[in-house]
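# Examining the three-dimensional arrangement
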Amino acid sequence: MVCNQRGIALVSVVLMLAVLLTLSQILAEKIWQSTRQAGTANRQEQAFWSAQAGIETARQTLASSYADSRGWRNYLSGAGPAYPDAPTWVSTVNGFPVEIFLRDNPDGDDDLRTDNDLKIFVLARARGPGGTEAMVESLCGFEQPSAAGTTETGQATGDMLIDLSAQPVITYDIAD
């Protein structure tokens, strides 16, 4: 009888070890998965803020280059109401490449290569490691300087290109 009890104790110990090993494997997998998700969320947040910084950089560039770019004509592709396939320029923010896409807003002139109300859509797409990607869109605009003439609807008249670098940037809400 004593021998039978020793066999049952050995089987019980082996079963308990198997259960404990299974539980430890499940716990280790959950910890590993949580660590990966935290890393992915961190990269996504970094990509988002890099895209936001790309928008701010684009605003400064647009303000300082309005006259040199012939009223942003050098930037606008006129490819339709959608953004062009190729970015207007690429910059690096926090180690993330940020692609900047520009398109004219529907300002009533039916010409997507000519801006006449000092408002323009800016899309920034930041791509990070592991396929992380964030996109931020903003409608940026500038106050119409008093030196430039405007129509009753607020559209610029003539081909007078002005320096907008001292003008404050205005952000408009975008409605889908």
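What comes next is a walk through the structure. (Residues numbered from 1 in each chain as written. Predicted model: local features only at pLDDT ≥ 70, side-chain atom pairs only at ≥ 80, totals over all residues. Heavy atoms only, no water.)

Quick look at the overall build of the chain now. Check the secondary structure of the chain and you find one helix and five strands. Reading the chain from its N end, one meets helices and strands in the order α-β-β-β-β-β. Evaluated residue by residue, the chain yields a buried proportion of 32% over its 176 residues. Taking contacts inside the chain between residues at least 6 apart in sequence as the whole, the part at least 24 apart equals 57%. Surface exposure of the chain reaches about 11000 Å², of which carbon and sulfur atoms provide 56%. (Helix = DSSP H or I, 4+ residues; strand = E, 2+ residues; numbered from the N terminus. Buried < 20%, exposed > 50% of the residue type's maximum accessible area, 1.4 Å probe, protein only. Contact = heavy atoms within 4.5 Å. Areas by Shrake-Rupley, 256 points an atom, 1.4 Å probe, with all protein chains shown as cover.)

On to the nonpolar core, then. Leu 62, Trp 72, Trp 89, Ile 100, Leu 102, Ile 120 and Val 122 are the most contacted members of the largest nonpolar core, which totals 25 residues. Contributing elements (two or more residues each) for this core: helix H1 (2-64), strand S1 (89-93), strand S2 (96-104), strand S3 (119-127) and strand S4 (133-142). Here this core takes six residues from H1, the largest share from any one element. Apart from residues lying up to four places away in sequence, Ile 120 is in contact with Leu 62, Trp 72, Leu 76, Leu 102, Arg 103, Asn 105, Ser 138, Leu 139 and Cys 140. Among the nonpolar cores identified, the runner-up in size contains five residues, and Tyr 83, Phe 101, Leu 123 and Leu 139 belong to it. (Core = buried A, V, L, I, M, F, W, Y, C linked by side-chain atoms within 4.5 Å.)

So, on to unusual backbone geometry. Positive phi is not limited to glycine here, since Asn 94 has a value of about 55 degrees. Note on placement: Asn 94 falls in the loop between S1 and S2. Among the residues examined, Asn 94 registers a relative accessible area of 65% and is labelled exposed. Phi is positive for Leu 118, which is not a glycine, with a value near 60 degrees. With respect to the element layout, Leu 118 can be found in the loop between S2 and S3. A residue is classified by how much of its surface remains accessible, and Leu 118, at 2% relative accessible area, is buried.

Our next topic: a nonpolar patch on the surface. On the surface, Val 13, Met 16, Leu 17, Val 19, Leu 20, Leu 23 and Ile 26 cluster together into a nonpolar patch covering about 680 Å² of accessible area. Relative to the helices and strands, Val 13 is located in helix H1. (Patch = residues over 30% accessible without salt bridge, like charges linked within 9 Å, V, L, I, M, F, W, Y side chains within 5 Å. Salt bridge = Lys/Arg side-chain N within 4 Å of Asp/Glu carboxyl O.)

Here we come to the pairing of S1. Judged by which residues are buried, S1 turns out to be one-sided: Trp 89, Ser 91 and Val 93 face inward and are buried, whereas Val 90 and Thr 92, on the alternate face, are not. In the sheet, S1 pairs with S2 via five bridges, with the strands oriented antiparallel. Each residue of the ladder has a partner; that of Val 93, found in S2, is Phe 96. Linkage of S1 to S2, two consecutive antiparallel strands, is achieved through a turn of two residues, within which Asn 94 is found at a positive phi near 55 degrees. (Pairing = 2+ DSSP bridges.)

Mapped onto the fold, Val 90 is located in strand S1. On a C-alpha basis, the gap between Val 90 and Ala 124 in space is 9.3 Å, while along the polypeptide they are 34 residues apart. Ignoring anything within four residues of it in the chain, the contact list for Val 90 reads Pro 97, Val 98 and Glu 99.

Quick look at the pattern of salt bridges now. In the structure shown here, the tally under the stated rule is five salt bridges. Two residues, Arg 59 and Glu 56, come together in a salt bridge whose shortest N-O distance is 2.7 Å. Separated by three residues within a single helix, Arg 59 and Glu 56 lie in helix H1, roughly one turn from each other. Salt-bridge contacts for Glu 137 lead to Arg 103; the nearest nitrogen and oxygen are separated by 3.6 Å. One end of the pair, Glu 137, is in strand S4; the other, Arg 103, is in strand S2, with 34 residues separating them in the sequence. Accessibility expressed as a relative area gives 31% for Glu 137, which makes it partly exposed. Judged by its relative accessible area of 19%, Arg 103 is buried.

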